[in-house]
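# Fold and geometry: a report
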Amino acid sequence: QVQLVESGGGLVQPGGSLRLSCAASGFIFSNSVMSWYRQASGKERELVAGIDSRAGAITTYVDSVKGRFTISRDNPKNTVYLQMNSLRPGDTAAYYCKAIVVAAGKPYEYWGQGTQVTVSS
């Protein structure tokens with residue numbers, strides 16, 4: 001059974017930092033592409049950052065977080081992280097972890113339950 005469990009969200013002041021974690025189980029983590037998405041109230045879910053299956057390999061970011069957020073993964077720990085610095089009120093959203101896993105030649109998507117990030121003074 002695939003599980004993705006996010007943690008690390010909370011309330012932070014503008015300019016502050018948070019590190020989100022997503023602990024994965026039930027699939028071969030080292031073969032998966034991992035991403036962080038977010039969804040603000042009344043808005044569509046958007047891709048924040050992604051990282052391919054190899055630790056330290058190709059990453060991608062939405063323009064609004066470039067230079068402030070860093071995605072990384074620890075394959076032995078089956079965990080992907082999102083380090084968020086210089087947070088802004090516009091970063092307030094529920095943050096979701098997503099895994100793309102290929103099985104029998106087909107890609108499957110799995111989502112975590114989300115963790116809330118609120119940036120406010």
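Scroll up a little and you will see the structure.
Criteria and cut-off values
Residues numbered from 1 in each chain as written. Predicted model: local features only at pLDDT ≥ 70, side-chain atom pairs only at ≥ 80, totals over all residues. Heavy atoms only, no water. Pairing = 2+ DSSP bridges. Helix = DSSP H or I, 4+ residues; strand = E, 2+ residues; numbered from the N terminus. Axes fitted to C-alpha atoms, helices over the stretch in contact; angles between N-to-C directions. Buried < 20%, exposed > 50% of the residue type's maximum accessible area, 1.4 Å probe, protein only. Contact = heavy atoms within 4.5 Å.

Here strand 4 (residues 33-39) runs beside strand 5 (residues 46-51); their pairing, made up of five bridges, is antiparallel. By the bridge assignment, Y37 is partnered in strand 5 with L47. Adjacent in sequence and paired antiparallel, strand 4 and strand 5 are bridged by six residues, among which G42 carries a positive phi angle near 80 degrees. The pairing of strand 5 with strand 6 (residues 59-61) spans three bridges and is antiparallel.

The pairing of strands in a sheet comes from backbone hydrogen bonds and takes either a parallel or an antiparallel form. Strand order in this open sheet of four strands is 1-3-8-7, and the pairing throughout is antiparallel. The open sheet is flanked by strand 1 (3-7) and strand 7 (69-74), the only strands paired with a single partner. When the angles between neighbouring strand axes are averaged without regard to direction, this sheet yields 15 degrees. One ladder, built from six bridges, connects strand 7 with strand 8 (residues 79-84); its direction is antiparallel. Paired with F69 across the strands is M84, a residue of strand 8.

Within the fold, Q13 resides in the loop between strand 2 (10-12) and strand 3 (18-25). On the accessibility criterion, Q13 (55% relative accessible area) is exposed. In sequence terms Q13 and R45 are 32 residues apart; their C-alpha atoms lie 23 Å from each other. When neighbours within four sequence positions are excluded, Q13 is seen to be in contact with V119 and S120.

Keep in mind these values describe shape, not function.
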